[in-house]
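Listed below, chain by chain, are the residues.
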Amino acid sequence: MNKFMIMFFVVAQMGAGLLCADSRGLVDNLKSPAAKLHSVGLNEVKWTQGFWAERFKVCRENMIPNMWRLLQDDEISHSFANFQIAAGLQKGEHHGPPWHDGDFYKWLEAVASVYGVTRDEKLDDLMDEIIPLIAASQRRDGYIHTPVIIQQRQNKNDAKEFRERLDFETYNMGHLMTAASVHYRATGKTALLDVAVKATDFLYDFYKRSSPELARNAICPSHYMGVVEMYRTVRDPRYLELAKNLVEIRDLVENGTDHNQDRIPFRQQTRALGHAVRANYLYAGVADIYAETGDATLFSTLDLIWKDLVSSKLYITGGCGALYDGVSPDGTTYVQSDIQQVHQAYGRPFQLPNLTAHNESCANVGNILWNWRMLQVTGEARFADILELTLYNSMLSSISLDGKAYFYTNPLRVSGDVPFDLRWSRQREPYISCFCCPPNIVRTIAQVHNYAYSLAENALFIHLYGANELQTMAGDDKLQLVQETDYPWKGHVQLTLKAIPADSFFLMLRIPDWCKSATVKVNDVSIARDIESGQYFPLCRKWQAGDRIELDMDMPVRLVQANPLVEETLNQVAVMRGPVVYCLESVDLPTGVGLFDIALPADIKLSWQEQNIEDSRIQVLTGTAKIVRDSGQALYYELEPGKGQSVHIRLVPYHTWGNRGETDMSVWLPVDY
């Protein structure tokens, strides 16, 4: 039975109903008409040990308190001070980028997410102290954006909302809305939700009276997701009306740009293009709107764009947005005036540089948000595959293992020999002037457990593997299980059922696309072998408490090559094991041997071993490579065959690179056939 037949069979068996009484998850799509899957509750999954438990612990103990220190230090970020000034509690000017409010809201959402799991009273008290300040910064009509409100307090004549298209007002409000929804679900308190309701009401009235051109202020449209989540939270039908109109009004814009994805009417778009962060936020928000409306024209557009991305523009790490600066339509027009500059851009198909790869951390988070929503409305494993790939690689690479330093960009190769400076540092920094990415990464790490499972009628979908405990409700019945595994380092997963409905029930085990051999046992009895990858494997029976399901996924080291149209990786390979991408760092090479001197034999034997970096337990790969030549300094020089010397190499997971001091690094390495 192939994957499509299996999915048709399962969906037909499950029907279209809902099964849990009160989901209230990270995305509360329990009542979303077009959603096939539904989130479990914010506090219903807890990491117990292993990879994600370690990351969550660092998030709770280091990331959140360290970022709070940064945000309230006037000499570093001024983010907290901006709210104090806007609230009239102190004098001063706004400092920082116009999206700085959104940075603060993202961090606050991370705090609420961690509190939802831990019930740490100190976090609850901290939020209770902060939220009244945010409320005091809001105008009576619901408008909230500290740069403008501070100017209005100072009676500046040009202080007017939405005066500047690039002022990121709706972006900030969108992150307020999602933070408020998560805070409400985590605490049951409405203080921040009340602020978000007023802000959403303001936007509803604003879009009722604004022109399409003024509506172009929707830069980096986090508010698409925010407005939909507010609709799901308070069920005000005006918010769904607003969300639908946000898409329609884009099509009325004159002189739009690919930079903001409004040059072409949305439903006519077929390619991932323009500013990658804005694009991925837009796609995620439209997926939310589809979940609530079932508008098939929206989904078909998203599906075409997704296929364009994964077939020609996605990095092997899940990174998005190849170029620091690009142009659009980029070589597809002879009309010079049509060509537009685009920052942080999706480039041409197969245009995936390594040394100058941009891959902004926020774009990678946007890729996660988008794929999660596509997974929820389809139940298709292809979206979970990209979700997992991005989580383990380009998302985690953005932050140091101790949780205190950050990348803005995520290149796949770094060399100190490059004779020019890039806009962003080749090393993680304790603070980045454009601080949008760090809190986005922190809130994502705080929320990964919410991506592990989904519910459907009579079924539990298991998307991510990691040691955890799940306690939720299937209709009126308890559903509890314990997952034990050392994934992603090992491919063995054991699920032990603690409580489950008495009637027949589906357990849907994701078989990752990278896994070419998997077996399943129930209570030590073999059920299936050689299961097809890239699908959910359905197990349905009348279960009993104490039943054990074992999934064994073969996890060999793989040498992966790119399409030959990716010029930058021609005759090179990347190394993967399971969902983890590996890289070579110069710190692991002998003195006098550089990255460009190394080639991997096509038949290289790589073995794995455990190692600790910055108190984080990882698995490295070791083997014997070849020194193929000395790196030349001239632009062109004659090839001299290498002496065939062997050299021991150690490859580390890509997300861990740069944690042992300044170093060169490469994901892609020449292959010696």
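Structural data are supplied above this passage.
The written sequence of each chain sets the order in which its residues are numbered from 1. Whole-chain, interface and lining totals are the exception, using all residues; otherwise, since this is a predicted model, local features are given only for residues with pLDDT of at least 70 and side-chain atom pairs are given and counted only at 80 or more. As a rule here, side-chain values come from all non-hydrogen atoms in the structure, and water together with hydrogens is ignored.

Tell me about the overall build of the protein, and name the residues and values.
Secondary structure summary: the protein contains 15 helices and 25 strands in total. For 673 residues, the compact-globule estimate of 2.2 N^0.38 gives 26 Å, and the C-alpha radius of gyration of the protein, at 25 Å, lies within 12% of that figure. A principal-axis box enclosing the C-alpha atoms of the protein has dimensions of 75 × 70 × 50 Å. Sorting the 673 residues of the protein into buried and exposed places 63% on the buried side. We count a stretch as a helix when DSSP gives it H or I for four or more residues in a row; a strand needs E for two or more, and each element gets its number in order from the N terminus. This radius of gyration counts C-alpha atoms alone. The globule rule is 2.2 Å times how many residues there are, raised to the power 0.38. Categorising residues by exposure relies on relative accessible area from a 1.4 Å probe, with only protein chains included: less than 20% of the type maximum marks a residue as buried, more than 50% marks it as exposed, and the intermediate range marks it as partly exposed.

An account of unusual backbone geometry is needed here, citing residue identities and associated values.
In this model, Tyr487 is joined to Pro488 through a cis peptide bond whose omega is 10 degrees. Among the secondary structure elements, Pro488 is positioned in the loop between strand E10 (477-485) and strand E11 (492-499). Phi at Gln261 takes a positive value of approximately 55 degrees, unusual for a residue other than glycine. As for its placement among the helices and strands, Gln261 is situated in the loop between helix H10 (237-250) and strand E3 (274-275). Not every positive phi belongs to a glycine, and Asp615 is a case in point at roughly 65 degrees. Position of Asp615 among the secondary structure elements: in the loop between strand E21 (607-613) and strand E22 (616-627). Overall, Asp615 belongs to the exposed group, its relative accessible area being 73%.

Give me the packing of helix H12 (residues 296-312) against helix H14 (residues 381-395): which residues, what numbers.
Helix-helix packing: each pair is described by the crossing angle between the helix axes and the interaxial distance. Only the stretch in contact is used when fitting a helix axis, every axis being a line fitted to C-alpha atoms; angles between N-to-C directions are given from 0 to 180 degrees. Look at H12 against H14: their axes get within 13 Å of each other, and the N-to-C directions meet at 50 degrees. Classified by the angle between their axes, H12 and H14 sit oblique to one another. Regarding H12 and H14, the two cross each other, and that crossing is left-handed. Residues Asp303, Trp306, Lys307 and Val310 of H12 touch H14, and the partners they reach there are Arg382, Phe383 and Ile386. Oblique is the label for every angle not falling under 35 degrees (roughly parallel), over 145 degrees (roughly antiparallel), or within 65 to 115 degrees (roughly perpendicular). Two helices crossing with the near one rotated counterclockwise from the far one by less than a right angle form a left-handed crossing, whereas a clockwise rotation gives a right-handed crossing. By definition, residues are in contact when any of their heavy atoms lie within 4.5 Å.

Account for the environment of Lys542, with residues named and values stated.
Mapped onto the fold, Lys542 is located in the loop between strand E15 (535-541) and strand E16 (548-553). Note: C-alpha distance between Lys542 and Phe505 (37 residues apart in sequence) is 6.3 Å. If we ignore the near neighbours within four places in the chain, the residues touching Lys542 are Ala502, Asp503 and Ser504.

Please set out the sheet that holds strand E5 (residues 340-346) residue by residue, giving values where relevant.
Across the sheet, which stays open at both edges, the 3 strands sit in the order E3-E5-E4 with antiparallel pairing between neighbours. Looking at which strands have only one partner, the edges of the open sheet turn out to be E3 and strand E4 (323-328). Strands were regarded as paired on the criterion that DSSP finds at least two bridges between them. In this structure, E4 lies alongside E5, joined through 5 bridges in antiparallel fashion. The partner of Leu323 across the bridge, within E5, is Ala345.

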